[in-house]
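# Coordinates in review
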Amino acid sequence: MASMKSAYLAAGEDSTKRKVAYERLVSKLDEDVRDFNLELLDAENLTPEALNVALTTLPFGAPFRIVYVTHAEKITGPLADVVVNFTKQATDPQIIALFDTAILDKRTKLYKAIASLGKETVISCSAAKAWEMPAYAARRAKDYGISLNQDVAKLLVERVGESPEAIANALMRLSSSFPGAEISNKQVTDTIPLTRVAKPWEIVDALCDQKGAQALVQLKHLETSDSLAFHHFYTERIRELLCTRDVLKRGGYASANVIAQAYYGGDSGSARRLGWKFKNHARWLSQYSLEQLKKALYEAERAESALKGTGDEETALLRMAAALLV
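Attention here is on the structure that accompanies the text.

Here is what the cut-offs are and how they apply
All residue numbers refer to positions counted from 1 along the written sequence of the respective chain. A pLDDT threshold of at least 70 governs which residues receive local features in this predicted model, and a stricter bar of 80 or more applies before side-chain atom pairs are shown or counted, although totals over entire chains, interfaces and linings include all residues. Excluding hydrogens and water, the side-chain values take into account all heavy atoms of the structure. Helix and strand assignments follow DSSP, with helices taken as H or I runs no shorter than four residues and strands as E runs no shorter than two, numbered in order from the N terminus. The size measure is the radius of gyration over C-alpha atoms, and the globule rule it meets is 2.2 Å times the number of residues to the 0.38 power. Think of it in three bands: with a 1.4 Å probe and only protein chains considered, a residue is buried below 20% of the maximum accessible area for its type, exposed above 50%, and partly exposed in between. Contacts: residue pairs with any heavy atoms within 4.5 Å of one another. Two strands pair if DSSP finds at least two bridges between them. Salt-bridge detection follows one rule: a side-chain nitrogen of Lys or Arg within 4 Å of a carboxyl oxygen of Asp or Glu. In this analysis an axis means a line fitted to C-alpha atoms, helices contributing only their contacting stretch, and an angle means the value between N-to-C directions, from 0 to 180 degrees. Roughly parallel refers to an angle under 35 degrees, roughly antiparallel to one over 145, roughly perpendicular to one between 65 and 115, and oblique to any angle outside these ranges. Each helix crossing is assigned a hand: it is left-handed if the near helix lies turned anticlockwise from the far helix by less than a right angle, otherwise right-handed if that turn is clockwise.

### A word on the overall build of the protein chain
Each helix and strand in the protein chain was counted, giving 17 helices and five strands. Relative to the 2.2 N^0.38 estimate, which gives 20 Å for 326 residues, the radius of gyration of the protein chain is 27 Å and therefore markedly larger than a compact globule would have. Summarising its shape, the C-alpha atoms of the protein chain cover approximately 80 × 45 × 40 Å along the three principal directions. A total of 326 residues make up the protein chain; the buried ones form 43% of that total. Looking at the protein chain alone, contacts between residues at least 24 apart form 72% of all its contacts between residues at least 6 apart.

### Let's talk about the pairing of strand E1 (residues 7–11)
The buried fraction of E1 amounts to five of the five residues, a majority that puts the element mostly inside the structure. Of the two faces of E1, both are covered, the one formed by Ala 7, Leu 9 and Ala 11 as well as the one formed by Tyr 8 and Ala 10. Here E1 runs beside strand E5 (residues 122–124); their pairing, made up of three bridges, is parallel. Opposite Leu 9, over in E5, you have Val 122 as the bridge partner.

### Concerning the pattern of salt bridges
Following the criterion strictly, the structure yields 16 salt bridges and no others. Residue Lys 295 is joined to Glu 299 by a salt bridge in which the shortest nitrogen-to-oxygen separation is 3.5 Å. Of the two residues, Lys 295 and Glu 299 are both situated in helix H16 (residues 290–310); the distance of four residues between them amounts to about one turn of the helix. Owing to a relative accessible area of 5%, Glu 299 belongs among the buried residues under this scheme. Each member of the salt-bridge network shares a partner with another, and the members are Asp 205, Glu 236, Arg 237, Glu 240 and Lys 277.

### Observations regarding unusual backbone geometry
The phi dihedral of His 71 falls on the positive side, at around 50°, and the residue is not glycine. Among the structural elements, His 71 can be located in the loop between strand E3 (65–70) and helix H4 (77–86). Of note in the backbone geometry, Gln 210 takes a positive phi value of approximately 65° without being a glycine. With respect to the secondary-structure elements, Gln 210 resides in the loop between helix H10 (200–208) and helix H11 (212–220). Classification of Gln 210 as partly exposed rests on a relative accessible area of 25%.

### Points about the packing of helix H6 (residues 133–141) against helix H8 (residues 164–177)
Contact geometry of H6 with H8 gives a least axis separation of 10 Å together with a crossing angle of 40°. It follows from the interaxial angle that H6 and H8 lie oblique. For the pair H6 and H8, the sense of crossing is right-handed. Residue-level contacts link Met 133, Tyr 136, Ala 137, Arg 140 and Ala 141 of H6 to Pro 164, Ile 167 and Leu 171 of H8.

Now the structure itself:
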């Protein structure tokens, strides 16, 4: 146990990562003695005296015991003082504490006391960015005895969303259906239902990428409150494509930055900040004629009143979607 520290802090919004940190630590205890050497506490109703007893009780039949404390953000004042004193014990501990919290605050006594033991004692459990989730899914797949390439992992995330819990459940289901397999796109679409609620702009992207079936299912699951947002992004996309057409018509090179400069009227600040939005526009434009873009804009104008409660919203959305599918 020389490599272990007396305390660890698993902090961040990702509850799955915090659970993994807990399970990895507990796995170091032999199952035969685990019940005698694992104590679970909740800081929401914890006294300094009770915490002190837990952190000073010696292990029974094992080289160490584990104290696991949830809602560690509640550890302040006298409770934090107990932790500070505890972290000053020997470097080869007989008691190992894991403090679990969704909130990482580096200003607290708790954080400073645990961080002082070494950089590995603070386990970052911050939520991953959306673009990081396919890679996360591919890594986690190995824990379930299956493998996913990047394209399959991206499809999985598109179907269930960015929630680590939803991804874990989907991987468990795939592992059960195809143990030890390298998962294919077809196995994902056949096994994992589409439950993710897409963002409005993602549906517009899917329409421009001619992923009609995907876009229509996503549109069906669109929250009513997001219908106007979808209309906004759809209309803006048509105008962006019309601007891209003008850039190409003038003989310009339709790079993302050039299109952005034209769209924002030469506002270089906006173009630099938002140029990334236009990286696919030249490719998208190549599949549309001017008449098709005008028709899409017309359908958006027709849909506006329906989306404001004076018509058939579902039909209006489907007309808009159809106008961008070629």
